Amino acid sequence: MAITEPQADDALADFSTRLIDTEGVSKTVYVGGSGPAVVLMPEMPGISPDVVRLSRWIRDAGFTVYLPSLFGIDGAFPSTADGEKAVRRACVSAEFRAFAGGGTSPITAWLRGLARTALAECGGPGVGAIGLCFSGNFALTMTLEPAVIAPVVNHPSLPLDDPAGLEISDEDAAMVRERIERDGLTVLAYRFDNDRWCTGQRFAAYQALLGDAFDGRVIPGETANPEPPPFFRDVVGCPHSVVTAHLVDQQGHPTLRARDEILAFLAERLGHDDPRGHETH
């Protein structure tokens, strides 16, 4: 089986670097491509080369990708030491609610503003939002912004201390459910079957909240890339990152099919055809 080789740092030289202000807060956002907008949020420990690879796949499928810097070192290969530092900083940051009982992470207000900006710049029927790991559930909470019409929740890991919990307040959860029912949205989600950070209990909680609007897809953990970067090997310690660190870039592989399904979902919801003529399932 072809395994993705470890990557060097990525300078993101083929993206424009912008400082975008929403909700009175400015953050660095890497922007590339043309077409409908997709906000891709990084996974812990940051915008790794694997996250950049995913952003390029989205861009090359005919979308404008907005990749905000939320934590970690942008473009850095995720080492164990740097990754642990990023996790510690995020867990004590006022922007995030990493543990049970914390409710909705405040950073999602800024992300909803980013979605509004992206729609104003790109046009179209709406914006896609993809969360990964630490940011996984942010894609769901972003549906409180009417611009967001294609949410993708990948292996959501928060809250870290409650495998059956969701990183959202009860009030926001009720509003999200009402918005998704009213507008007929679907929430696409992925996890590995033996992921200890995103368990079957968590997917069951999403199903209980969203009913048939939650399309949770589970991939055999035995198919995950067995040689991920050090942070994922040493700290994550299990199959977790379906379309980034644990993806196997081989035609027909379950993780690559997941990527293609996400691109097809975005194309369907945002009214766009993949210009590459790439086969989606």
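Here's what I pulled together on the structure shown here. (Residues numbered from 1 in each chain as written. Predicted model: local features only at pLDDT ≥ 70, side-chain atom pairs only at ≥ 80, totals over all residues. Heavy atoms only, no water.)

1. Points about the sheet that holds strand β3 (residues 37–40)
The sheet built from eight strands is open, its strands ordered β1-β2-β4-β3-β5-β6-β7-β8 with mixed pairing. In this open sheet, the two edge strands, each paired with only one partner strand, are β1 (16–22) and β8 (214–219). Shown here is a sheet whose adjacent strand axes are inclined to one another by a mean of 25 degrees, direction ignored. The pairing of β1 with strand β2 (residues 25–33) spans seven bridges and is antiparallel. In the sheet register, leucine 19 faces β2, and the bridge partner there is threonine 28. Of the strands in this sheet, β6 (148–154), β7 (187–192) and β8 touch helix α6 (residues 200–210), which is tilted by about 165 degrees from β8. (Pairing = 2+ DSSP bridges. Helix = DSSP H or I, 4+ residues; strand = E, 2+ residues; numbered from the N terminus. Axes fitted to C-alpha atoms, helices over the stretch in contact; angles between N-to-C directions. Contact = heavy atoms within 4.5 Å.)

2. Let's talk about the pattern of salt bridges
Once the charged atoms of two side chains with opposite charge are near each other, the side chains can pair. By the definition in use, this model includes 15 salt bridges. With a closest N to O distance of 2.8 Å, aspartate 10 and arginine 56 form a salt bridge. Taken as a pair, aspartate 10 in the segment before β1 and arginine 56 in helix α1 (residues 49–60) lie far apart in primary sequence, 46 residues in all. Where arginine 179 meets aspartate 183, a salt bridge forms, and the shortest distance between an N and an O atom there is 2.9 Å. A residue pair is termed a helical-turn pair when its members lie 3 or 4 positions apart in one helix, as arginine 179 and aspartate 183 do in helix α5 (residues 170–183) at four residues. Salt bridges sharing common partners tie together Asp10, Asp14, Arg56, Arg59 and Asp60. (Salt bridge = Lys/Arg side-chain N within 4 Å of Asp/Glu carboxyl O.)

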